[in-house]
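Structural overview
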Amino acid sequence: MATKINRIGLEMQPYRGGKTTLCAGCGHNAISERIVDAFFEMGVDSSQVVKLSGIGCSSKSPAYFLGGAHGFNAVHGRMPSVGTGAMLANRKLIAIGVSGDGDTGAIGIGQFVHLMRRNVPIIYIIEDNGCYGLTKGQFSPTADLGSTLKTGIVNDLPPIDTCALAIQLGASFVARSFSGDKKQLLSILKASLSHRGTCMIDVISPCVTFNDHEGSTKSYAYAKEHDEVLGEVSFVPFFEDISVDYDPGTTKEVELHDGSKLYLKKVAEDYDPTNKFEASRLIHEAARRGEFATGILYIEPDKDDFVTLLNLVDEPLATLPLERTRPGREALDEIMESLR
Amino acid sequence: MPPGDAAVHEAAPQPATRRIVNDFSIQVATVNGSGSQTANLVLLRSIFQMGVPVSGKNMFPSNIAGLPTWFTIRANKDGFIGRKKEVDFLVAMNPETAREDVLSLEPGAAVLYDAPLKLKDLRQDLVFYSVPYDKIVAEVCKDAKLRRLVKNMIYDGVLSKLLGVDMGQMEAALRKQLGPKVKAIELNLGALKAGFEFAEHHLEKQDPYVVEPMTKTAGMILVEGNAAGALGCMMAGVTVVAWYPITPSSSLPETLIGYMKKYRVDKATGKATFAIVQAEDEIASIGMVIGAGWAGARAMTSTAGPGISLMSEFAGLAYYAEVPGVVFDIQRVGPSTGLPTRTAQGDMLTTAMVSHGDTKHIMLIPASVQECYTMAMDAFDLAERFQTLVFVMSDLDLGMNSWMSDPFPYPDTPLDRGKLLDKATLERLGEWGRYMDVDGDGIPYRTIPGDGLPAYFTRGSGHNEKGQYSERPDDYVKNLDRLVRKFETARQYVPRPEVLDEPGADIAIIGYGTSHWAIDESLGQLREEAGMRAAYLRLRAYPFTDDLGTFIDRYQRVYVVEQNRDAQMLGLMRLELSSDRIAKLRSVLHYNGLPIDARSVTDDLLVQEGRKTKESLHAGVIAAGVQAGGE
Ligand SMILES: Cc1ncc(C[n+]2csc(CCOP(=O)(O)OP(=O)(O)O)c2C)c(N)n1
Ligand code: SF4
């Protein structure tokens with residue numbers, strides 16, 4: 001079999017990263033693999049990518065994909081601010097952040113909230129296992145009510161639904177998936193690379209070591225059983241000339257920032273992924289049934305991202321020449337005169 | 001008077017014929033939110049415009065309206081512009097503090113008071129001027145709602161007459177202050193003139209204080225340290241700013257926004273060559289700075305003590321992962337919320353080492369508005385050269401008060417962007433590792449995302465020379481030792497201290513930041529009052545340079561003057577000086593929230609030197625504090 005080459009002439013290898021040090025079978029590893037696939041298939045130039053994370057097992061994973069990209073493993077829960085700073089410094093970068101449900105939902109909830117609000121152009125993935133893997137299995141804020149720890153301790157607080165929150169706060173691309181659903185996750189990730197704005201992707205990613213037992217609502221078994229797939233996500237990148245046929249009324253077509261197209265099969269006739277209220281309703285109704293809805297839940301393709309809002313020059317701020325960042329002598333003279 | 005100072009009244013009233021020219025302090029006691037700021041700044045500015053060295057200090061409460069505020073203006077022909085402890089001329093507008101303000105004056109001082117306060121009988125040893133403000137203001141301002149706002153201009157008019165401040169300068173200063181607000185100018189001018197006329201017809205000059213024109217401020221500017229710092233950041237080519245509002249820092253980024261909108265928007269496209277973000281808190285501010293610095297931008301934030309505390313974890317990341325960034329700390333009084341609107345040098349020790357583990361940071365310490373400007377530029381260069389955070393340690397007194405200064409020079413050096421790897425260097429080096437010490441100075445080469453050069457993984461966890469995750473003891477030690485080497489190299493790059501040697505002097509003084517102004521004046525007092533000569537070294541940065549140790553060697557007793565309780569800078573010196581040098585060090589400490597003054601320094605030194613007894617000094621107990629509201 002001939003080796004596959006992508007549209008910028010690269011093989012898969014450069015998209016891989018270091019060897020994972022996570023547990024065998026950890027959902028996070030499957031997500032890393034999908035990220036490799038997505039960036040390869042989309043033909044992204046790794047040298048223009050920044051990989052960001054906080055602290056946790058999940059946050060280690062940027063070391064395991066895209067070896068040619070710069071990575072930044074920040075402090076616990078604070079990746080959003082670091083990512084925001086990096087994107088302001090260089091608007092040309094493609095940013096992908098990986099967080100955990102503890103990193104996002106607990107210590108980092110404040111920064112998460114403001115990242116969504118600002119719609120900073122970042123693909124923000126939560127590898128959601130309902131527990132703190134790296135500190136050995138405590139509940140995280142996405143653990144469902146009644147879910148149990150291995151020790152039998154029952155969670156008696158309601159979960160934070162990061163997707164519902166992201167939609168309410170202003171993220172312009174919100175999806176949920178399951179690390180075990182290769183096809184859906186890949187389509188979502190590829191679509192996120194074509195979107196400009198915050199892409200918040202919550203991926204149920206079981207922790208085989210601490211939260212894969214009966215009684216856990218984030219185990220493989222539970223996830224397989226309760227994954228309510230919203231309908232097929234078909235993504236056609238701008239560089240592929242494919243037309244998709246569908247019956248009118250059954251599929252929603254969305255054109256993304258770079259001209260790629262997204263075809264979202266409707267689950268219910270009245271569901272519209274560009275409508276915030278419906279997206280929120282869908283999430284909450286699934287949760288009430290004890291299920292979780294997966295797919296692209298909400299998308300607002302034309303919303304201004306933070307860089308656009310700040311009206312930044314087209315070139316990266318980081319490398320602007322001195323003539324453009326230091327005002328001339330006349331400017332200083334004028335200011336001095338005003339202070340006399 | 002603001003809490004903290006005191007006076008005893010025993011001396012007889014002064015003869016009225018004495019004239020004291022261009023050497024006195026005025027204190028205006030009002031409540032905040034009463035619109036007195038305009039009147040105070042106009043008075044300050046008009047004395048400045050008359051060529052007389054002057055300074056203005058606002059001692060305000062942490063609340064928006066209704067609490068006592070004192071504004072001190074000091075005119076000094078010799079150019080001493082630190083705070084003067086004694087008040088020579090009190091403008092008593094606040095009924096709540098008037099009594100205490102009057103009781104704490106030195107004999108011979110003058111009091112200008114609002115007639116209904118009836119202060120005259122409180123003391124026999126003062127000069128009193130009574131002004132019926134409400135009556136005068138009713139005549140010049142028909143709109144009753146506006147009267148409160150222009151009432152204060154009346155005391156400017158009265159003072160103009162009593163002190164001989166030129167009315168033309170007053171008017172010019174008023175116009176400058178109010179800019180295009182024509183109606184406001186008209187109203188205020190009316191009040192100013194009414195005050196002048198009242199004084200002309202009803203008051204007889206009895207105090208000795210007068211202003212006479214000089215030429216000492218010709219060509220100079222009046223500016224706040226925070227505005228100067230903002231200007232320095234703009235000229236340093238800052239591109240990313242993230243901040244969270246906090247007194248006394250906010251005016252730095254706020255002024256910067258104004259400058260950047262005017263001077264840093266591309267003419268052709270109308271687009272910004274900068275990003276300024278009001279973050280959700282200080283943790284996010286420093287996170288954005290670090291993200292931006294890592295991606296190659298010149299990034300900064302500005303904060304005060306509480307923000308520094310919050311930034312602690314990130315500061316360690318920047319130190320250990322070696323990411324550049326600039327942090328202004330406009331110090332205020334701690335611990336905790338402390339006195340948010342009062343000044344201190346209380347963050348020196350924490351900031352030098354902020355974060356857990358073995359961490360050390362570069363600090364620059366401006367004493368003047370000009371240094372706020374130049375050190376802002378130094379800070380960005382050093383941050384990029386050393387790939388670390390650089391803290392600019394200003395304080396409330398410097399940041400929020402108006403200081404006169406020579407105009408700032410245009411920077412004539414290019415930016416130092418430090419060791420950014422480029423293709424040629426990569427070829428020369430052959431092998432590149434993010435944390436390799438190729439040049440022996442502890443400073444590695446870095447690449448930035450998007451530059452097409454080798455990428456690396458930045459992390460706050462253990463790493464080896466190549467930036468790979470490592471928990472090996474030898475990798476860890478090697479890395480930490482290199483960071484020390486880098487810090488040692490920094491000693492050669494930071495601004496050196498300013499040294500004023502005095503061969504054969506009895507004592508030496510070490511100071512830094514705004515304490516400079518009190519020390520500078522104290523040197524003269526020591527000479528005149530006790531025939532004592534003192535050498536002086538002003539620190540301008542941490543890490544210390546060699547100059548510090550050799551300076552201490554030349555003197556017997558060395559006093560470290562600082563505005564904190566715990567002798568923080570002396571503490572930092574202890575960490576690295578030899579024991580014989582440490583043995584020479586003593587402390588002069590001032591930490592009541594008010595800017596340090598020469599009198600306090602001189603008295604403390606004379607007592608410690610056995611030239612005065614504590615009892616012979618002005619007794620020093622005082623009175624009620626300000627009830628602070630917001631924070
Ligand atoms: C300030 C701080 N507090 C606590 C920790 C300890 N800590 C490390 S990872 C982690 C939780 C990680 O959980 P999650 O984000 O869900 O990631 P997972 O390991 O489950 O993938 C905690 C509490 C830390 N690193 N920093
Ligand atoms: S502890 Fe859990 S989350 Fe961490 S690597 Fe192992 S399986 Fe994954």
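Residues numbered from 1 in each chain as written. Chains lettered and ligands numbered in written order. Predicted model: local features only at pLDDT ≥ 70, side-chain atom pairs only at ≥ 80, totals over all residues. Heavy atoms only, no water.

Here the focus is the overall build of chain A. Secondary structure assignment for chain A yields 12 helices and 13 strands. Taking 2.2 N^0.38 as the reference for a compact globule, 340 residues should give roughly 20 Å; the C-alpha atoms of chain A span a radius of gyration of 21 Å, in line with that estimate. When the backbone C-alpha atoms are referred to their principal axes, chain A occupies close to 75 × 50 × 45 Å. The buried share among the 340 residues of chain A stands at 57%. The contacts of chain A with a sequence gap of at least 6 include a subset with a gap of at least 24, amounting to 70%. Accessible surface, chain A: about 13500 Å² in total, of which carbon and sulfur atoms supply 53%. Taken as two groups, the 34 positive and 44 negative side-chain charges of chain A have centres that lie 5 Å from each other. (Helix = DSSP H or I, 4+ residues; strand = E, 2+ residues; numbered from the N terminus. Rg over C-alpha atoms; globule rule 2.2 N^0.38 Å. Buried < 20%, exposed > 50% of the residue type's maximum accessible area, 1.4 Å probe, protein only. Contact = heavy atoms within 4.5 Å. Areas by Shrake-Rupley, 256 points an atom, 1.4 Å probe, with all protein chains shown as cover. Lys, Arg positive; Asp, Glu negative; His and termini not counted. Charge placed at Lys NZ, Arg CZ, Asp CG, Glu CD.)

This part covers the sheet that holds strand β10 (residues 233-236) of chain A. All names here are of chain A. Overall, antiparallel pairing links the 3 strands, which are arranged β10-β12-β11 in an open sheet. If you trace the sheet from one side to the other, it starts and ends with β10 and β11 (251-255), each paired once. For this sheet, the mean inter-axis angle between neighbouring strands, taken without regard to orientation, is 15°. Sheet topology note: the β10/strand β12 (residues 261-265) ladder contains 4 bridges and is antiparallel. (Pairing = 2+ DSSP bridges. Axes fitted to C-alpha atoms, helices over the stretch in contact; angles between N-to-C directions.)

All names here are of chain B. For the structure shown, the criterion picks out 57 salt bridges over all chains. In this structure, Glu-384 and Arg-446 form a salt bridge, with 3.4 Å as the shortest nitrogen-oxygen distance. Separated by 62 residues along the polypeptide, Glu-384 in helix α12 (residues 369-386) and Arg-446 in the loop between α14 (423-429) and β18 (457-459) bring together distant segments of the chain. A relative accessible area of 2% places Arg-446 in the buried class. (Salt bridge = Lys/Arg side-chain N within 4 Å of Asp/Glu carboxyl O.)

Domain parsing of chain B yields domain 1 (3-210), domain 2 (223-405), domain 3 (423-490) and domain 4 (498-616). On a C-alpha basis, the centroid separation for the pair domain 1 of chain B and domain 3 of chain B is 60 Å. (Domains from an automatic or database assignment.)

We now examine the site of ligand 2. Taken together, Leu-22, Cys-23, Cys-26, His-28, Cys-57, Asn-129, Cys-207, Val-208, Thr-209 and Phe-210 of chain A make up all the residues around ligand 2. Among the residues forming the shell around ligand 2, the class breakdown is 7 nonpolar, 3 polar and no charged. (Near = heavy atom within 4 Å. Nonpolar A, V, L, I, M, F, W, Y, C, P; charged D, E, K, R; others polar.)

Turning to unusual backbone geometry, a few remarks are in order. Residue and element names in this part refer to chain B. Here the residue pair Thr-247 and Pro-248 is connected by a cis peptide bond, since its omega of 0° sits within 30 degrees of zero. Note on placement: Pro-248 falls in the loop between β10 (240-243) and α8 (251-263). Looking along the chain, the bond that leaves Tyr-542 and enters Pro-543 is cis, with omega of 5°. Position of Pro-543 among the secondary structure elements: in the loop between β22 (541-542) and α17 (546-553). The backbone of Lys-118 shows a phi angle near 45°, a positive value even though the residue is not glycine. Take Lys-118: it is sitting in the loop between β6 (110-114) and β7 (127-131). In this structure, Glu-322 takes a positive phi of about 65° despite not being glycine.

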